[in-house]
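Secondary and tertiary structure notes
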Amino acid sequence: MERPIALITPTHRADRERFALLCESVDRRLTGYERHYVIVNDDDMELFAQYAGPRRVILPCSRFLPRWLRPAPRFLLRNGRRVWWSFRSRPVHGWHIQQMLKIAAVLQLPEQRFCIVDSDNVIIRGFDIGAYAGGARSPLYVARGAIGADAPLHAKWIASGDRLLGLPPSAFPADDYIGNLIVWDKDAVRAMTRAIEDATGVDWFLALCRTRAFSEYLLYGQFVRHTPRLMAAHEIVPQSLAVAYWDEAPLDRAGLASLLDGASTSKIALCVESFSRTPVQAIREATGLAAASTPFAPRLTDSAAA
């Protein structure tokens, strides 16, 4: 491993049970990383304090957000979602805040290379993330030609990325860079935010707050692919590290078993999106973590003590 790897997980109280399962799986099965940074709302810090450990650091989102962006009181939800207020843009939903927090965290935290692991993920087998992501060239996940012009969300995100980065309109089908356990390099993120500011004429945070539809992963991928210097520092990876379930219908135990049985050995994580409302206990059992029946407590494993 040439470059130390840190993990980043933005999360919130509604995903706490899933996040706890992620932590268990990371501590038991993932090696080769230096720190696991967890970013939560300031008023959730006390709730998540118990998950801190030898290599897991809980951080408040205010550390990474500009002062002009403030969370609305929790009782003022919008369509069931937390919003952030600003006099410089329309209200911003928590989902967009989490995307921006990933970018800001990479810029501000000390490591050079980061693996972003959302709290919907569970590590399903032993894996050295440092061997995968710490080499001279950073892995760039690409699903070639996966986005059609009629894709209801992704096509809009591609168009937003083109505008934010000052790129010519993308041709369709376009490549997709959205996945799980996505690796970013600080130099690329720093250059990407400068490009956004050059193209929009405003701070990158404000530019994203004023954009209604965007994807942080598409932004990164689009920018790297259009920047020869950065593309030379990345290696195209055509397969995701995770087997993912994106549908809204909840999975039962049989459905989870079928999903895992069909996963190749290259898949080291399972991602079942929280909006599917698949029971966490069912995911726990399917991924072999059901024996951990006591409340989560960080374990100082051999790798954690290193």
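Shown above is the structure to which this text applies.
Conventions we followed
- Residues numbered from 1 in each chain as written.
- Predicted model: local features only at pLDDT ≥ 70, side-chain atom pairs only at ≥ 80, totals over all residues.
- Heavy atoms only, no water.
- Helix = DSSP H or I, 4+ residues; strand = E, 2+ residues; numbered from the N terminus.
- Expected span 1.5 Å × (residues − 1).
- Buried < 20%, exposed > 50% of the residue type's maximum accessible area, 1.4 Å probe, protein only.
- Contact = heavy atoms within 4.5 Å.
- 1 Å grid on protein atoms, 1.4 Å probe; cavity = no way out; pocket = protein on both sides within 12 Å on 5 of 7 lines; lining within 4 Å.
- Points joined across faces, edges and corners; volume = space filled by probe spheres on them.
- Nonpolar A, V, L, I, M, F, W, Y, C, P; charged D, E, K, R; others polar.
- Pairing = 2+ DSSP bridges.
- Right-handed = clockwise from strand over helix to strand, strands pointing away.
- Axes fitted to C-alpha atoms, helices over the stretch in contact; angles between N-to-C directions.

Another point: helix α5 (residues 154–165). Between its first and last C-alpha, α5 extends 16 Å over twelve residues, near the 16 Å set by a 1.5 Å rise per residue. Listed as buried for α5 are Ala155, Trp157, Ile158, Ser160, Gly161, Asp162, Leu164 and Leu165. Buried-residue contacts for α5 involve α3 (94–108), β12 (143–147), β13 (174–176), α6 (186–200), α7 (204–209) and α8 (216–225). Two residues or fewer after α5 comes Gly166, characterised by a positive phi angle close to 70°.

Turning to the layout of surface pockets, a few remarks are in order. Approximately 160 Å³ is the volume attributed to the second largest pocket. Along the walls of the second largest pocket sit 13 residues, with Asp42, Ser62, Leu69, Arg70 and Pro71 positioned nearest its centre. Across the lining of the second largest pocket, the residue classes break down as six nonpolar, two polar and five charged.

Throughout the structure, instances matching the rule amount to three cavities of 30 Å³ or more. Considering only enclosed or pocket space, the largest cavity measures out at about 90 Å³ in volume. Forming the boundary of the largest cavity are 14 residues, of which Leu140, Tyr141, Leu181, Ile182 and Val183 lie nearest the centre. For the lining of the largest cavity, the class distribution of residues is twelve nonpolar, two polar and no charged.

The subject of this paragraph is the pairing of strand β17 (residues 269–272). Residues of β17 alternate between two faces, with Ala269 and Cys271 on one and Leu270 and Val272 on the opposite face, all of them buried. Strand direction decides the pairing type here: strand β16 (residues 242–245) and β17, joined by four bridges, are parallel. Bridge pairing in β17 links Val243 to Leu270. Between β16 and its parallel partner β17, the chain crosses via helix α10 (residues 253–261), and the hand of that crossover is right-handed.

Let us look at the sheet that holds strand β6 (residues 83–85). Here three strands make up an open sheet; going across it, the order is β5-β6-β7 and the pairing antiparallel. Each of the sheet's edge strands pairs with one partner strand only, and the pair in question is β5 (70–71) and β7 (92–93).

This paragraph deals with the sheet that holds strand β1 (residues 5–10). Hydrogen bonds along the backbone pair up the strands of a sheet, which may run parallel or antiparallel. With mixed pairing, five strands are arranged side by side in an open sheet as β4-β3-β1-β8-β14. Every other strand in the sheet has two partners, leaving β4 (56–60) and β14 (182–185) as the edge strands with one partner each. Strand-to-strand, the axes of this sheet are offset by a mean angle of 25°, without reference to chain direction. When strand β8 (residues 113–116) meets β14, the two strands line up antiparallel, connected through four bridges. Counterpart to Cys115 in the pairing with β14 is Val183. Contacts from helix α1 (residues 16–29) reach β1, β3 (35–40) and β4, with the element oriented near 150° to β4.

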